[in-house]
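Structural characterization, general
The residues making up each chain are set out below.
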Amino acid sequence: MNTVPEKPVLEGLEATWSARWAELGTYTFDRTKTRDQIYSIDTPPPTVSGSLHVGHVFSYTHTDLIARYQRMRGKEVFYPMGWDDNGLPTERRVQNFYGVRCDPSLPYDADFIPPEKPDAKRQIPISRRNFVELCNELVEEDEKVFEQLWRTLGLSVDWSQQYTTIGNASQVVSQRAFLRNVARGEAYQQDAPTLWDVTYQTAVAQAELEAREYPGAYHRVAFHGGDSPVIIETTRPELIAACVALIAHPDDERYQSLFGTTVTSPLYGVEVPVVAHTLADPEKGSGIVMSCTFGDLTDVQWWRELQLPNRTIIGRDGRVLRETPEWITADGVGRYEEIAGKTTFSAREAVVAALRETGDLDGEPTPTQRMANFYERGDKPLEIVSTRQWYITNGGRDADLRSKLVARGDEIDWVPAYMQSRLTNWIEGLNGDWLVSRQRFFGIPFPVWYRLDADGEPDYDDPILADEASLPVDPSSEVPPGFTESQRGEPGGFLADPDVLDTWATSSLTPQIICGWERDPDLFERTFPMDLRPQGHDIIRTWLFSSIVRAHLEHGVAPWTHAALSGFVVDPDRKKMSKSKGNVVVPDEILDKYGADAVRWRAAGARPGADSPFDEAQMKVGRRLAMKVLNASKFVLASEEAYGLGAGASDLDPSRVTEAIDLAMLSRLRLVVDEATARFEEYDYATALEVAEKFFWDFCDDYLELVKERSRRDDAAGQSARSAFVLALSVQLRLLAPFLPYVTEEVWSWWQEGSIHRSTWPVNDVDLATDRHDPALLSSAASVLADIRGAKSTAKVSQKTEISNLTISATKARLDLVRLAIGDVLAAGRVVAEPTYVADETVDGFAVEATPALVD
RNA sequence: GGGCGAAUAGCUCAGUUGGUUAGAGCAUCCGGUUUACACCCGGAAGGUCGGGGGUUCGAGUCCCUCUUCGCCCA
């Protein structure tokens, strides 16, 4: 018995059905299934400290479309959700939210309560443990809000499979993978020049760099030696004290005589060699440059290749070192003291003033815009300082590993295919290994201690590694085997590694975290390597690449078989949405306004990889489709007393479809099923939707109108129509179910058992096992009906006006075809006269003359 | 400077291996209270396929070149 509401509405479907799905465990993963029956998805954990915008809604919907399709195809879908709460974004949010900052030197205060009215400008210093506690508290709140949004959107996630990137399981996996890397020699420490953010006081990896325009000025500065001064141009005169050489191109004729000689730096009187290197650009400035410790990455390269000395003057706080370096000559000490302790900016002013005094500044500085490296979250240019850091091999220093990683990328099916070149280009452009240590607080600590010698100096060459069985470990509160807490920091004792792992060093292991690597070998075997990694194309170089690195090093495989890249949702001016631009569209509002199905419909229209402008007007179209599904279904399924057709599950009998046009309609639907299935198989959800949707509108506008009258008849022809209706409805609801999970589930519940989302994807020979008929019959009948409607429209009369005269001209073949359904055509067009048929082989399609009866 | 992508109706986009007169939705305009739906229905109008050159009987589609835009990397 059907239970069709009198007036079906979209409002409330999200609340009703998301609760039902949770209650019934509709999307709960059945782990008894074997690997070949399972489809596993490595869902991106969104950054919970940020806010979700409509771009997230689109890309997560894309994944859900695939998940729902695979589920209906009979796959058991493993679809967990994670939250990325690990790292700097959370630290910043906690600082602002509670008005605190972390000071690791402070002791833990168990009674600490954050201020009621936080003052971001006067942050209260708290211990690391207090700080981490606040981080944990806040992310928990954020995660609830995110989960609610995803549930409303209708993501078919198994909510019992949640993880966080700072959670226990992630800590264990991250530390274990790191220890394994160390054991295999893939992770190592090195004291080396490192890109350093002076604001956050942490090292930064290549993948986190962002090149930005930065205002500066060229200063022409004289070095002394030989006959005449040598003029160099530099944007960083404050580094003259750190100068180690002057460098020009080996072919530059101007400097041939200088190569092999030395010159003396202005102000500080330091003698430096003049050497040749091809990276010096003769076109730039005077062609000869000063190389310092370290002004930029080229300086690092020269330092390595030319064995130049290390003359660091910039400290980790971004200020000039207070102690005068030993290489500064006696005459230069006073000049050095003028800049000691100053920021690079103030030091530069002081140096320029000094150069003016000594006459070593040639002319006035020329303003310029130069490209400088920034940490993507920072706002000061990065400095390069020498520090001890942990690295993981990633092919940046190893051509063999590099080509193996490129080959892993080749093993993955990319959607869209051209995105693969972004990975390949990135790998081929790497210039160093992956720096994984960060000098931050909220993160996963290195499971490492160092022995202290008799003088209390750490021995970095022989680290004490935690035992895998003891993970997760916090070395700052736990002691290494064989030591006691009292030996911490004491000579002969030990010291914890103070750093935390780069967040990507953990995020790169999401497949291992969710599939239960070394925690649940049975689950791991059933889900890994995974089937799908969906993600944004902006993080190919970080998340996607680093995941491949880890899976390659640990398991010798690619972590997934498919990678699907979503584009961005951009504002109407095609600008990327971002908080700072103030063009972010908040998802709750549009979900509330148009409904989840409508928003999902719009998301499904954004093809993989393609950016999509946000246009609220488009949401209305999706809503209209959802509404149409309700109404058309109601018409077919409602009782005759409720002006419906009274059709139902008992009419689902292909053998009862006998009328030619009914068979033609179902034959065309077979093609739609084939097309939608083929497209979904290649992850082209957008075209799958397009073909199903197009059929549905034609079904409503043409077929339904043509057959309306006959389908109320109580004879075989009427039964044929009713059976065709329910067969077509059942198939169409299932074709639309991945896109419109709410409205299709609602309609399904009126007349079917169980959830449509656990029903099977349509199969022609099961669901549409009727006799075949040429689908052209339906389009021919629709074409004639359209002409009749057009005649009424041109005559500006109501569509219910009768037609008193109808002439149809077409080729004989077409006439024969349309006559098979002429009864339906005449009824739908309210034609009261016998039609006249004119066989004409020159007519293209149908030529119809229809005369509306005069209305008085 | 290098790589990738895009440019088709006012807007958002389809357009298979080259093949009649380039399609859809939205917006616009004109009509219609039709017993599934006014959150609706019917109809119409709207394009030099970014510019130029080439291959071909035939180019939105293939090749070259230029322009503009986006992303990534130097």
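Residues numbered from 1 in each chain as written. Chains lettered and ligands numbered in written order. Predicted model: local features only at pLDDT ≥ 70, side-chain atom pairs only at ≥ 80, totals over all residues. Heavy atoms only, no water.

Looking now at the overall build of chain A. When helices and strands are tallied, chain A shows 25 helices and 30 strands. A principal-axis box enclosing the C-alpha atoms of chain A has dimensions of 115 × 65 × 55 Å. Within chain A, the proportion of its 856 residues that are buried is 56%. Accessible surface for chain A amounts to roughly 36,300 Å². Of this, 49% is attributable to carbon and sulfur atoms. If the 89 positive side-chain charges of chain A are averaged to one point and the 132 negative ones to another, these points end up 4 Å apart. (Helix = DSSP H or I, 4+ residues; strand = E, 2+ residues; numbered from the N terminus. Buried < 20%, exposed > 50% of the residue type's maximum accessible area, 1.4 Å probe, protein only. Areas by Shrake-Rupley, 256 points an atom, 1.4 Å probe, with all protein chains shown as cover. Lys, Arg positive; Asp, Glu negative; His and termini not counted. Charge placed at Lys NZ, Arg CZ, Asp CG, Glu CD.)

Before going further, it helps to spend a moment on the pattern of salt bridges. All told, the structure shown has 56 salt bridges when counted by the stated rule. Glu210 is the salt-bridge partner of Arg212, the closest N and O atoms lying 2.9 Å from each other. We classify Arg212 as partly exposed; its relative accessible area is 22%. The salt bridge involving Asp462 is made with Arg451; its shortest N-O contact spans 3.1 Å. In this pair, Asp462 is assigned in strand S21 (residues 458-465) and Arg451 in strand S20 (residues 448-452), connecting sequence segments 11 residues apart. A residue is classified by how much of its surface remains accessible, and Arg451, at 33% relative accessible area, is partly exposed. Connected through salt bridges with shared partners, the residues Arg176, Arg180, Arg184, Glu186, Glu468, Glu518 and Glu554 form a single ionic network. (Salt bridge = Lys/Arg side-chain N within 4 Å of Asp/Glu carboxyl O.)

Domain boundaries assigned for chain A yield domain 1 (204-373), domain 2 (615-773) and domain 3 (777-852). Centre-to-centre separation of domain 1 and domain 2, based on C-alpha positions: 74 Å. (Domains from an automatic or database assignment.)

For the rest of this paragraph, the subject is the sheet that holds strand S11 (residues 243-248). Across the sheet, 4 strands lie side by side as S12-S13-S11-S14; this open sheet has mixed pairing. The open sheet has two free edges, formed respectively by strand S12 (262-264) and strand S14 (288-292), since each of these has just one partner strand. The sheet shows a mean angle of 35° between the axes of neighbouring strands, taken without regard to direction. Pairing of S12 with strand S13 (residues 271-276), which is carried by 3 bridges, proceeds in the antiparallel orientation. Bridge pairing in S13 links Val263 to Val272. Against the sheet, helix H6 (residues 297-305) makes contact with S11 and S14, and its axis sits at roughly 80° relative to S14, the strand it touches most. (Pairing = 2+ DSSP bridges. Axes fitted to C-alpha atoms, helices over the stretch in contact; angles between N-to-C directions. Contact = heavy atoms within 4.5 Å.)

Around RNA strand B, 40 residues are found, and the nearest of them are Asn425, Arg541, Arg574, Arg624 and Tyr643. Atoms of RNA strand B within 4 Å of the protein belong to the sugar or the phosphate in 70% of instances, the rest to bases. Here a base nitrogen of RNA strand B and a side-chain polar atom of Ser793 are 2.9 Å apart. Lys796 has a polar side-chain atom sitting 3.2 Å from a sugar or linking oxygen of RNA strand B. Of all the elements in the fold, those that place two or more residues in the surface near RNA strand B are helix H10 (420-428), strand S27 (612-613), helix H17 (616-637), helix H19 (685-707) and helix H23 (776-794). Among the elements that line the surface near RNA strand B, the one with the most residues is H17, at 10 residues. Within the surface near RNA strand B, the residues separate by chemical class into 12 nonpolar, 9 polar and 19 charged. (Near = heavy atom within 4 Å. Polar contact = N/O pair within 3.5 Å; in protein donor to acceptor, adjacent residues only side chain to side chain. Nonpolar A, V, L, I, M, F, W, Y, C, P; charged D, E, K, R; others polar.)

Here the focus is the pairing of strand S10 (residues 230-234). A large share of S10 lies buried, amounting to 4 of its 5 residues. Of the pairings in the sheet, the one linking strand S9 (residues 209-223) to S10 comprises 5 bridges and is antiparallel in character. Bridge pairing in S10 links Phe223 to Val230. The antiparallel pairing of S9 with S10 creates a hairpin that spans 6 residues between the two strands, and Gly226 there sits at a positive phi of about 45°.

Moving on to unusual backbone geometry. Excluding glycine, a negative phi dihedral is what most residues carry, and trans is how most peptide bonds are arranged. With omega at -5°, the peptide bond leading from Val415 into Pro416 counts as cis. In the segment running from Leu471 into Pro472, the intervening peptide bond is cis, with an omega of 0°. Even without glycine at this site, Tyr683 takes up a positive phi of about 65°. Note on placement: Tyr683 falls in the loop between helix H18 (660-681) and H19. Note on Tyr683: relative accessible area 6%, which makes it buried.

All right, on to the packing of H19 against helix H25 (residues 822-829) then. Interaxial distance between H19 and H25 falls to 7 Å at its minimum, and their mutual angle equals 100°. Put simply, H19 runs roughly perpendicular to H25. Together, Glu705, Leu706 and Val707 of H19 and Asp824, Val825 and Ala828 of H25 make up the contact between the two elements. Among the residues making up the contact of H19 with H25, the classes are represented as 4 nonpolar, no polar and 2 charged. (Parallel < 35°, antiparallel > 145°, perpendicular 65-115°, else oblique.)

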